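# Structure assessment
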Amino acid sequence: MFTGIVTDIGEVVAVHARADDLRRLKIACHYDRAGIADGASIACNGVCLTVVAVGVEGNVTWFSADAAAETLAVTTAGTWCHGTRLNLERSLRIGDELGGHIVAGHVDGIAELVARDDLDHMARLRFRAPPQLSRFIAAKGSVALDGVSLTVNEVDGDEFSVLIIPHTLDVTTFGALRAGDGVNLEVDQMARYAARLVEKA
């Protein structure tokens, strides 16, 4: 489990195809090598990946993780290449502060950035969600976009907007987002369960 509070920006330094539907990703980060164990979970742009190897080259820590068919099909991981920057978050530990909202790291689909309005040190971003997911998105509700916990400002059909504050622009990859870019979308779990209960009522 995660909280949607990004703790590092990593960079893909290698991608190796191990099969038609399996890729091994090597990601450089600023985490302490001693704090990353094989089998640990790290959210990479909101995608929960399992560490299969870890090491240090020079003064840079790296870890490797495999992305399989479902991940490559449902998330943006299929487009990641050398130089792709990723929002990283270590898994939640008992006693950690829940600063965002409960995020599983199980991406539901890809939302497209349709408009960006840069304000004074902030940005208002408008996204289009896949139609089958838009019903889970509500004004003042939560979403995770590329692993970042955000509050929804407005909803209009399949489109919704979020406001990115200066701190978030500084510590995530959102500063580089442009119209047409896709981001990994995870809807709020509470919204998902509520919708399921309504269906069964």
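Look up: the structure comes first, before these words.
Cut-offs and rules
Note that residues are indexed from 1 along each chain, following the sequence as it is written. It should be noted that, the model being predicted, local features are given only for residues of pLDDT at least 70 and side-chain atom pairs only at 80 or more, the latter also being counted only at that level, while totals for whole chains, interfaces and linings use all residues. With hydrogens and water excluded, all non-hydrogen atoms of the structure serve as input to the side-chain values. A helix here means a DSSP run of H or I that spans at least four residues, while a strand means a run of E at least two residues long, and both kinds are numbered starting from the N terminus. Taken over C-alpha atoms, the radius of gyration is set against a globule rule of 2.2 Å times the number of residues to the power 0.38. The buried label applies to any residue whose accessible area, calculated with a 1.4 Å probe on protein chains only, is under 20% of its type's maximum; exposed applies above 50%, and partly exposed to all values in between. Any pair of residues with heavy atoms lying within 4.5 Å of one another is described as a contacting pair. Charge counting follows a simple rule: Lys and Arg are positive, Asp and Glu are negative, and His as well as the terminal groups are ignored. Charge positions come from single atoms, namely NZ of Lys, CZ of Arg, CG of Asp or CD of Glu. Polar contacts, as counted here, are pairs of nitrogen or oxygen atoms within 3.5 Å of one another; within protein the pair requires one atom able to donate a hydrogen and one able to accept it, and residues that are adjacent in sequence qualify only if both atoms are side-chain atoms. Patch membership requires over 30% relative accessible area and the absence of a salt bridge. Like charges are linked within 9 Å, and nonpolar side chains (Val, Leu, Ile, Met, Phe, Trp, Tyr) within 5 Å. Computed with the Shrake-Rupley method and a 1.4 Å probe, the accessible areas treat only the protein chains shown as cover for residues. Definition used for salt bridges: Asp or Glu carboxyl oxygen within 4 Å of a side-chain nitrogen of Lys or Arg. Strand pairing requires that DSSP identify at least two bridges connecting the strands. Note that a disulfide, as used here, is simply two cysteine sulfur atoms within 2.5 Å.

Helix and strand counts for the protein chain come out as four helices and twelve strands. Against the globule reference of 17 Å for 201 residues, the protein chain gives a C-alpha radius of gyration of 17 Å, in line with a compact fold. Seen through its C-alpha atoms, the protein chain measures out along the principal axes to roughly 50 × 45 × 40 Å. In the protein chain, which comprises 201 residues, the share counted as buried stands at 43%. Within the protein chain, residue pairs in contact and separated by at least 24 positions form 68% of the contacts whose partners lie at least 6 positions apart. Where the 18 positive side-chain charges of the protein chain centre and where its 27 negative ones centre are 3 Å apart.

Let's shift gears to the side chain of Ser134. Among the structural elements, Ser134 can be located in helix α2 (residues 131–134). Within the local environment of Ser134, its side chain forms a polar contact with the backbone oxygen of Pro131, the two atoms lying 3.1 Å apart. Those residues in contact with Ser134 that sit more than four places away from it in its chain are Ala129, Gly157 and Asp158.

This brings us to a nonpolar patch on the surface. Residues Met1, Leu92, Leu98 and Ile102 make up a contiguous nonpolar surface patch of roughly 350 Å² in combined accessible area. Along the chain, the position of Leu92 falls in the loop between β6 (85–90) and β7 (109–118). Assessed through its relative accessible area of 34%, Leu92 is described here as partly exposed.

Along strand β12 (residues 182–187), five of the six residues are buried, which leaves the element largely enclosed by surrounding structure. Here four bridges tie β7 to β12, and the two strands are oriented antiparallel to one another. From the neighbouring strand, Gly109 faces β12, where its bridge partner is Leu185. Summarising the sheet, strand β9 (residues 142–145) and β12 pair through three bridges and their orientation is antiparallel. Across the sheet, Ala144 pairs through a bridge with Glu186, a residue of β12.

To continue, consider the state of the cysteines. Any covalent bond linking the sulfur atoms of two cysteines counts as a disulfide. Taken as a whole and assessed by the stated rule, the structure comprises zero disulfides. Take Cys29: it sits in no disulfide, and the sulfur closest to it among the cysteines is that of Cys44, at 9.1 Å. Take Cys29: its relative accessible area is 5%, and that puts it in the buried class.

Next up on the list: the pattern of salt bridges. In the structure shown here, the tally under the stated rule is eight salt bridges. With a closest N to O distance of 2.7 Å, Glu57 and Lys26 form a salt bridge. In this pair, Glu57 is assigned in strand β4 (residues 47–57) and Lys26 in strand β2 (residues 22–29), connecting sequence segments 31 residues apart. Close ionic contact of Glu159 with Arg126 constitutes a salt bridge, the shortest N to O distance being 2.3 Å. With Glu159 in strand β11 (residues 159–164) and Arg126 in strand β8 (residues 123–128), this pair connects stretches of sequence that are 33 residues apart. Exposure remark for Arg126: the relative accessible area of 36% places this residue in the partly exposed category. Among the charged side chains, a network of salt bridges with common partners joins Glu112, Arg126, Arg128 and Glu159.

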